[in-house]
Amino acid sequence: MIPTFIITLWLWGLLSLGFLAGGVYVIYEWYQHVWRYDETLDRVVFDPHFGLNTLTALLIAGLILLVWAFAGRILMRLFLGIGQRSNDRMDPPRENRSGVVHRLARPNGSTLQVEEYGPKTAPTLILTHGWGLNSNEWNYLKEQLTDHYRLIVWDLPGLGLSTQPADRNFSLETLALDLERVLGLAGDRPAILLGHSIGGMITLTFCRLFPKALGTRVAGLILVHTTYTNPVRTTTGARFFTAIERLLIVPMLYLTIWLSPLVRVMFWLSYLNGSAHLSSKYQAFAGTESWEQLDFATAFQLQSSPAVLARGMLGMLAYDATDTLATIQIPTLVIAGDRDPVCRPEASERIHQGVKGSDLVSLSPAKHLGLIEQPVRFAKLVSEFTRTCFKAMPSSQLKG
């Protein structure tokens, strides 16, 4: 979820409120017109006159709007025509927080939820999820890799089970400091940093702030569906969104913070009526996803505070790691989605060109959640890179 998403969130949210308000208004109008004065009884009576008439049409229209407002998600599943499993034939993603839990208190007042999966002596990967998601994003990797690798996953501040900082600072530099704290759980052994979307931005910011960790504490990088600069500059329609960034996007982000309770209601209505699913489908998936994957991804927005989301998006606007790319001299794998409209493939290509000796792979077909839509292929890429990366390191360094 990048700053430009705030426009979509508000549009779908207001439309969702419109469904609800429209349904209530139409039924109220119907109710007002079905009472008439009965001269025989000398009183007002309820007389709906059901049939092929204007009043009955008004009632049906109101009921349709209300049903759509609260149950459109069911109809949206039929409309989208997806019920099959994904092309990777994985089971639907499930909630999984069965790992060893660490609660890391930070000086800024936040407490980070960190979970550990797999053997302690296995090669270690630190996984940083995308914005608006949480560490359950990695549930497919947990299923596929924990027999041979140690996965350390964490919830970014204010998301999942992590609390937000007292100073409400969600700059990329602050989040990179959090990543450095999580990396400490790897102990003396080097780890691979894997980041998706903002997770990749945080990883590149970490590389700028802690260059001496590269090649010692950090064995390699995996940058997934991410960018090297302000994501407004590398998304579809970048010229338009750049032009309205200060004029519209920034004010809307602050409005979201101020009206967070109302926006949360809009999130729920968008989810219930299926409009959030429609948005997720065309932003995050390329058409081979299952309904369960789509619903799983869409439901993340219900677990997030709109104010937190907006503050994180504001933090992204000041992000730029262009100059950092040339300083990275450790094995790096860049994974793009061939149809990703959020962080376009060109952004991954630019990272690949900037990081000398890096590898670039494109998931296909895939958009911004290619790691969920193509879980088997993604896990294979991560596993092969990790195995190769650790084989190339001196055995003395692997022992810590």
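Anything mentioned here points back to the structure above.
Rules used in this analysis
- Position numbers for residues count from 1 along each chain, tracking the sequence in the order it is written.
- Totals for whole chains, interfaces and linings use every residue, but because this is a predicted model, local features are given only for residues with pLDDT of at least 70 and side-chain atom pairs only at 80 or more, for both listing and counting.
- Water and hydrogen atoms play no part in the side-chain values, which are based on all heavy atoms of the structure.
- We count a stretch as a helix when DSSP gives it H or I for four or more residues in a row; a strand needs E for two or more, and each element gets its number in order from the N terminus.
- We call a residue buried when its accessible area falls under 20% of the maximum for its residue type, exposed when it is over 50%, and partly exposed in between, using a 1.4 Å probe and counting protein chains only.
- Note on definitions: a residue-residue contact is assigned when non-hydrogen atoms from the two residues lie within 4.5 Å.
- Here, expected helix span is obtained from the residue count minus one, scaled by 1.5 Å.
- Note on bend: at a given residue it equals the angle between the axes fitted to the 7 residues ending there and to the 7 starting there.
- Here, a strand pair is defined by DSSP locating no fewer than two bridges between the strands.
- Note on definitions: angles span 0 to 180 degrees between N-to-C directions of axes, and those axes are lines fitted to C-alpha atoms, for helices only across the stretch in contact.
- For this document, the term salt bridge refers to a Lys or Arg side-chain nitrogen within 4 Å of an Asp or Glu carboxyl oxygen.
- Stacked, tilted and edge-to-face are the three classes assigned to paired rings of Phe, Tyr and Trp, where Trp is represented by its six-membered ring and a pair needs centres within 6.5 Å; plane angles under 30 degrees give stacked, over 60 edge-to-face, the rest tilted.
- Candidates for patches are residues over 30% relative accessible area with no salt bridge; among them, like charges are joined within 9 Å and nonpolar side chains (Val, Leu, Ile, Met, Phe, Trp, Tyr) within 5 Å.
- Using the Shrake-Rupley algorithm and a 1.4 Å probe, accessible areas are obtained, with residue cover drawn only from the displayed protein chains.

## Here's the deal with the overall build of the protein chain
Each helix and strand counted, the protein chain has 15 helices and 10 strands in total. Dimensions along the principal axes, computed over C-alpha positions, put the protein chain at roughly 100 × 45 × 40 Å. Within the span of the protein chain, comprising 400 residues, buried residues form 57% of the whole. The long-range share in the protein chain, meaning contacts at least 24 apart out of those at least 6 apart in sequence, stands at 79%.

## Some points on helix α2 (residues 54–80)
Over its 27 residues, α2 extends only 32 Å from the first C-alpha to the last, a length that falls short of the 39 Å expected when each residue adds 1.5 Å. A maximum bend of about 80 degrees is found in α2 at Ala 71. Looking at the buried side of α2, the elements it contacts are α1 (5–33), α8 (260–273), α9 (275–284) and α10 (291–298).

## Some details on the pairing of strand β7 (residues 191–196)
The element β7 is largely enclosed, with a buried count of six among its six residues. As defined by bridge partners, strand β5 (residues 124–128) adjoins β7 across five bridges and the pair is classed as parallel. Bridge pairing links Ile 126 to Leu 193 in β7. Taken together, the six bridges between β7 and strand β8 (residues 218–224) define a ladder with parallel strand orientation. Counterpart to Leu 193 in the pairing with β8 is Leu 221.

## Quick look at helix α11 (residues 306–316)
Most of α11 sits out of view: 10 of its 11 residues are buried. Contacts from the buried residues of α11 go to α1, α4 (172–183), α5 (198–209), α7 (245–258) and α8.

## Focus on the sheet that holds β7
One open sheet holds the eight strands; their spatial order is β3-β4-β6-β5-β7-β8-β9-β10, and the pairing between them is mixed. Strands with a single pairing partner mark the edges of an open sheet, and in this sheet they are β3 (100–105) and β10 (359–363). On average, each strand axis in the sheet is inclined to that of its neighbour by 20 degrees, with strand direction left out of account. Strands β3, β4 (111–117), β5, β6 (150–154), β7 and β8 of the sheet are contacted by α4, whose axis makes an angle of about 145 degrees with β6. The strands touched by helix α12 (residues 345–354) are β8, β9 (332–337) and β10; relative to β9, the strand with the most contacts, the crossing angle is about 165 degrees.

## Some thoughts on the side chain of Thr 324
If you trace the backbone, Thr 324 turns up in the loop between α11 and β9. Overall, Thr 324 belongs to the buried group, its relative accessible area being 6%. Residue contacts for Thr 324: discarding those within four places in its chain leaves Leu 204, Cys 207 and Arg 208.

## Some points on the pattern of salt bridges
The full count for this structure, using the stated rule, is 13 salt bridges. A salt bridge links Lys 120 to Glu 116; the shortest N-O distance between them is 3.1 Å. With a relative accessible area of 54%, Lys 120 lands in the exposed category. The class of Glu 116 is buried, set by a relative accessible area of 6%. Via salt bridges that share partners, Arg 97, Glu 115 and Asp 155 belong to a single interconnected network.

## Structural notes on the packing of aromatic side chains
Applying the stated criterion across every chain yields a total of eight aromatic pairs. Ring geometry for Trp 131 versus Phe 170: centroids 5.9 Å apart, planes at 70 degrees, classification edge-to-face. Residue Trp 131 is located in the loop between β5 and α3 (139–145), and its partner Phe 170 is located in the loop between β6 and α4; the two are separated by 39 residues in the primary sequence. Accessibility classification places Trp 131 together with Phe 170 in one group, the buried group.

## Focus: a nonpolar patch on the surface
The grouping of Tyr 254, Leu 255, Trp 258, Leu 259, Leu 262 and Val 265 at the surface amounts to a nonpolar patch, some 550 Å² of accessible area in total. Mapped onto the nonpolar patch, the elements with two or more residues apiece are α7 and α8. Counting residues per element, the nonpolar patch draws most heavily on α7, which supplies three residues. For Leu 255, the position within the fold is in helix α7.

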